[in-house]
Amino acid sequence: NAGVTQTPKFQVLKTGQSMTLQCAQDMNHEYMSWYRQDPGMGLRLIHYSVGAGITDQGEVPNGYNVSRSTTEDFPLRLLSAAPSQTSVYFCASSYGRGTGELFFGEGSRLTVL
Amino acid sequence: KQEVTQIPAALSVPEGENLVLNCSFTDSAIYNLQWFRQDPGKGLTSLLLIQSSQREQTSGRLNASLDKSSGRSTLYIAASQPGDSATYLCAVIPHKLSFGAGTTVTVRA
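Nothing here was measured: the structure is a model prediction, and the numbers come from that model.

## Considering the overall build of chain A
Along chain A, the regular secondary structure elements total 0 helices and 11 strands. Taking 2.2 N^0.38 as the reference for a compact globule, 113 residues should give roughly 13 Å; the C-alpha atoms of chain A span a radius of gyration of 13 Å, in line with that estimate. Oriented by its inertia axes, the alpha-carbon framework of chain A measures out at about 40 × 25 × 25 Å. Put simply, of all contacts in chain A between residues at least 6 apart along the chain, 53% involve residues at least 24 apart.

## As for the interface of chain B and chain A
Facing the 20 residues of chain B at the interface are 21 residues of chain A. Between chain B and chain A we count 0 salt bridges in total. Put simply, chain B and chain A have 3 residue pairs in polar contact (both at pLDDT 80 or more) between them. Within the residue set of the side of chain B that touches chain A, elements represented by two or more residues are strand E4 (32–38), strand E5 (44–51) and strand E9 (86–93) of chain B. A per-element tally of the side of chain B that touches chain A places E4 of chain B first, with 4 residues. Here the residues of the side of chain B that touches chain A sort into 10 nonpolar, 7 polar and 3 charged.

## Overview of the state of the cysteines
Under the criterion given, the structure shown has 2 disulfides over all chains. Here Cys23 of chain A connects covalently by a disulfide to Cys91 of chain A, the sulfurs 1.8 Å from one another. Taking the sign of the torsion about the S-S bond as the criterion, the disulfide between Cys23 of chain A and Cys91 of chain A, at about -70 degrees, is left-handed. Linking Cys23 of chain A in strand E3 (residues 19–25) with Cys91 of chain A in strand E9 (residues 87–94), this pair joins segments that are 68 residues apart in sequence. Both residues of the pair, Cys23 of chain A and Cys91 of chain A, count as buried. Across a sulfur-sulfur distance of 2.0 Å, Cys23 of chain B and Cys90 of chain B are joined as a disulfide pair. With the S-S dihedral at roughly 75 degrees, the linkage between Cys23 of chain B and Cys90 of chain B falls on the right-handed side. Residue Cys23 of chain B is located in strand E3 (residues 19–25), and its partner Cys90 of chain B is located in strand E9; the two are separated by 67 residues in the primary sequence. Here the two residues Cys23 of chain B and Cys90 of chain B agree in accessibility, since each one is buried.

## Points about the sheet that holds strand E8 (residues 76–78) of chain A
Residues and elements named next belong to chain A. As summarised here, the arrangement of the 4 strands in space is E1-E3-E8-E7, forming an open sheet in which the pairing is antiparallel. Among the strands making up the open sheet, the edge pair consists of strand E1 (4–7) and strand E7 (64–66). With direction set aside, neighbouring strand axes in the sheet form an average angle of 20 degrees. Of the pairings in the sheet, the one linking E3 to E8 comprises 3 bridges and is antiparallel in character. Each residue of the ladder has a partner; that of Thr20, found in E8, is Arg77.

## Some thoughts on the side chain of Ser33 of chain A
Residue and element names in this part refer to chain A. Along the polypeptide, Ser33 turns up in strand E4 (residues 31–38). Classification of Ser33 by relative accessible area gives buried; the value is 0%. With residues near it in sequence (within four places) discarded, Ser33 still touches Leu45, His47, Tyr48, Phe74, Phe90, Cys91 and Ala92.

## Overview of unusual backbone geometry
A negative phi holds for most residues other than glycine; trans holds for most peptide bonds. The omega torsion of the bond from Thr7 of chain A to Pro8 of chain A falls at -5 degrees, within 30 degrees of zero and hence cis. By the element assignment, Pro8 of chain A lies in the loop between E1 and strand E2 (10–13). Following Ile7 of chain B, the chain continues into Pro8 of chain B via a peptide bond in cis, with omega recorded as 5 degrees. Inspection of the secondary structure assignment puts Pro8 of chain B in the loop between strand E1 (4–7) and strand E2 (10–14). We note that Asn28 of chain A has phi near 60 degrees; this positive angle belongs to a residue other than glycine. Relative to the assigned elements, Asn28 of chain A resides in the loop between E3 and E4.

What counts and what doesn't
- Residues numbered from 1 in each chain as written.
- Chains lettered and ligands numbered in written order.
- Predicted model: local features only at pLDDT ≥ 70, side-chain atom pairs only at ≥ 80, totals over all residues.
- Heavy atoms only, no water.
- Helix = DSSP H or I, 4+ residues; strand = E, 2+ residues; numbered from the N terminus.
- Rg over C-alpha atoms; globule rule 2.2 N^0.38 Å.
- Contact = heavy atoms within 4.5 Å.
- Salt bridge = Lys/Arg side-chain N within 4 Å of Asp/Glu carboxyl O.
- Polar contact = N/O pair within 3.5 Å; in protein donor to acceptor, adjacent residues only side chain to side chain.
- Nonpolar A, V, L, I, M, F, W, Y, C, P; charged D, E, K, R; others polar.
- Disulfide = S-S within 2.5 Å.
- Buried < 20%, exposed > 50% of the residue type's maximum accessible area, 1.4 Å probe, protein only.
- Pairing = 2+ DSSP bridges.
- Axes fitted to C-alpha atoms, helices over the stretch in contact; angles between N-to-C directions.

In structure tokens:
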């Protein structure tokens, strides 16, 4: 019973590098989302998806790209990493189109040097 | 835009005291409200989900109430223990859900 799985758990990048944070859920949830958590800022929504093939921007989408080709997977891409993207990233999913109970992954800690 | 506020930002109590954590929101058109616990360096663990049609939800020592008309939810933790020390966050649902910044609780033995 995996729930929401995020990889990697830790990553260090240099400025300008690109990478993808992976998120997978095995609960057949329609809704998936990415948040970043910074000290004193709480959780902020980056991008979300209400189903395969459908994505939309959240509060802080700049510098991030997403796609949703399957119900299970929702990867987050950093195209050209910047130090301001140093953060802890959380993936979450829920049933329905975002109106149900939210389940979180364990987080991915990213440091950009 | 939905604004979610949690007061106080931090709370320190002696073991055995009851905890009262507050969450307020500006838009009463919500589906659900969910309370989470977060330990340092860890992910978010769901504690309770209150549907908009409910007034309260209980799980063990935890009880959460919801008053949509006043835009408030309260999480009560009875007979606190040192293991309850964590940050507690509330989230207002639907999607694009809004999180409060959390209340960091320290329970002193």
